[in-house]
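Below, each chain spelled out in residue letters.
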Amino acid sequence: MQYLTDRKRATGLGAAHTGTHHHWSMQVSAVALVILVIMAVLAAGLVRLGTTQQATSAQDILSARAWQVARAGNEWGLYQALQSGSCSGASGTLDLRATTGFSVTVSCTSQTFYEGETNTPSPRRPPALKPNVITTYSIKAVACNSAACPDAALAATPGYVERERLVIANTP
């Protein structure tokens, strides 16, 4: 039977004549593993951030297109209302999905106002003024990337884009 001397105990050599080397290699590999895990978490976060940024950029482009389609709907509605003098032909749905991927629903309301006086002549007042007739047209255009706008069923989906524009025009 062999006993360990004080010197062998102090240098860390046991019956196998090794031990400290294994201990230090385990410590170094544990630290390396912690560093690798942290780097993997950071890499996964960067990939997710890049994917989110790409989706946000695509939504922004679709939003700009929807705004332009809504503007086209406003211009169409104004043209129809001003040419006919009423809102009768200025409402409807324009399907522009073949060229832009969007459709637009245009609605028109009009209101007539009388500006000026309509009094009867008297010795104290000047003769009656003829009132000015002013018609106000409100053209609302809702553009979306669906067949009908607004589409409540698709509103919660990530790819749905909808923009609304209101234009008010007065005619003398």
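Everything that follows concerns the structure shown earlier in this document.
In this report, we go over the structure that sits alongside the text. Quantities reported herein were computed from a predicted structural model and do not represent experimental measurements.

The helix and strand tally for the chain stands at two helices and four strands. Starting at the N terminus and ending at the C terminus, the chain contains elements arranged as α-α-β-β-β-β. When burial is assessed residue by residue, the chain has 21% of its 172 residues classed as buried. Within the chain, residue pairs in contact and separated by at least 24 positions form 56% of the contacts whose partners lie at least 6 positions apart. Summed over its atoms, the accessible surface of the chain is roughly 12600 Å², and 61% of this surface lies on carbon and sulfur atoms.

Moving on to unusual backbone geometry. At the junction of Cys-149 and Pro-150, the peptide bond is cis and its omega measures out at -15° in the coordinates. Of note, Pro-150 is situated in the loop between β3 (132–144) and β4 (162–171).

Tracing the backbone shows Asn-74 in helix α2 (residues 20–84). Apart from residues lying up to four places away in sequence, Asn-74 is in contact with Ile-139, Lys-140, Ala-141, Arg-165 and Val-167.

Our focus in this paragraph is the pairing of strand β2 (residues 102–115). Two strands pair when backbone bridges link them, and strand β1 (residues 92–96) and β2 are joined in this way by five bridges, in the antiparallel orientation. Across the sheet, residue Leu-94 finds its bridge partner in β2, namely Val-104. Taken together, β1 and the strand that follows it, β2, pair antiparallel across an intervening segment of five residues, in which Gly-101 is found at a positive phi of about 90°. Across 13 bridges, β2 lies against β3 in antiparallel orientation. Paired with Thr-112 across the two strands is Thr-135, which belongs to β3.

With that out of the way, let us pick up the sheet that holds β4. Here we have four strands laid out as an open sheet, ordered β1-β2-β3-β4, and antiparallel in their pairing. Where the open sheet ends on each side, the last strands, each with one partner, are β1 and β4. Neighbour-to-neighbour, the strand axes of this sheet turn through a mean angle of 20°, independent of strand direction.

Our focus in this paragraph is the pairing of β3. Summarising the sheet, β3 and β4 pair through 10 bridges and their orientation is antiparallel. Opposite Ala-141, over in β4, you have Arg-165 as the bridge partner.

Our focus in this paragraph is the pattern of salt bridges. Once their charged atoms are close, side chains differing in charge can pair, the charge on each being opposite to the other. Taken as a whole and assessed by the stated rule, the structure comprises two salt bridges. Between Glu-75 and Arg-71 there is a salt bridge; the shortest N-O distance is 3.3 Å. With a gap of four residues between them, Glu-75 and Arg-71 both fall in helix α2, about one helical turn apart. The exposure class of Arg-71 is partly exposed, given its relative accessible area of 38%.

Moving on, we come to the nonpolar core. Nonpolar side chains in soluble globular proteins tend to end up buried together. Formed by 19 residues in total, the largest nonpolar core has its most connected members in Ala-81, Val-104, Cys-108 and Ile-139. Going through the elements one at a time, α2, β2, β3 and β4 are the ones with two or more residues in this core.

What counts, and at which threshold
Residues numbered from 1 in each chain as written. Predicted model: local features only at pLDDT ≥ 70, side-chain atom pairs only at ≥ 80, totals over all residues. Heavy atoms only, no water. Helix = DSSP H or I, 4+ residues; strand = E, 2+ residues; numbered from the N terminus. Buried < 20%, exposed > 50% of the residue type's maximum accessible area, 1.4 Å probe, protein only. Contact = heavy atoms within 4.5 Å. Areas by Shrake-Rupley, 256 points an atom, 1.4 Å probe, with all protein chains shown as cover. Pairing = 2+ DSSP bridges. Axes fitted to C-alpha atoms, helices over the stretch in contact; angles between N-to-C directions. Salt bridge = Lys/Arg side-chain N within 4 Å of Asp/Glu carboxyl O. Core = buried A, V, L, I, M, F, W, Y, C linked by side-chain atoms within 4.5 Å.

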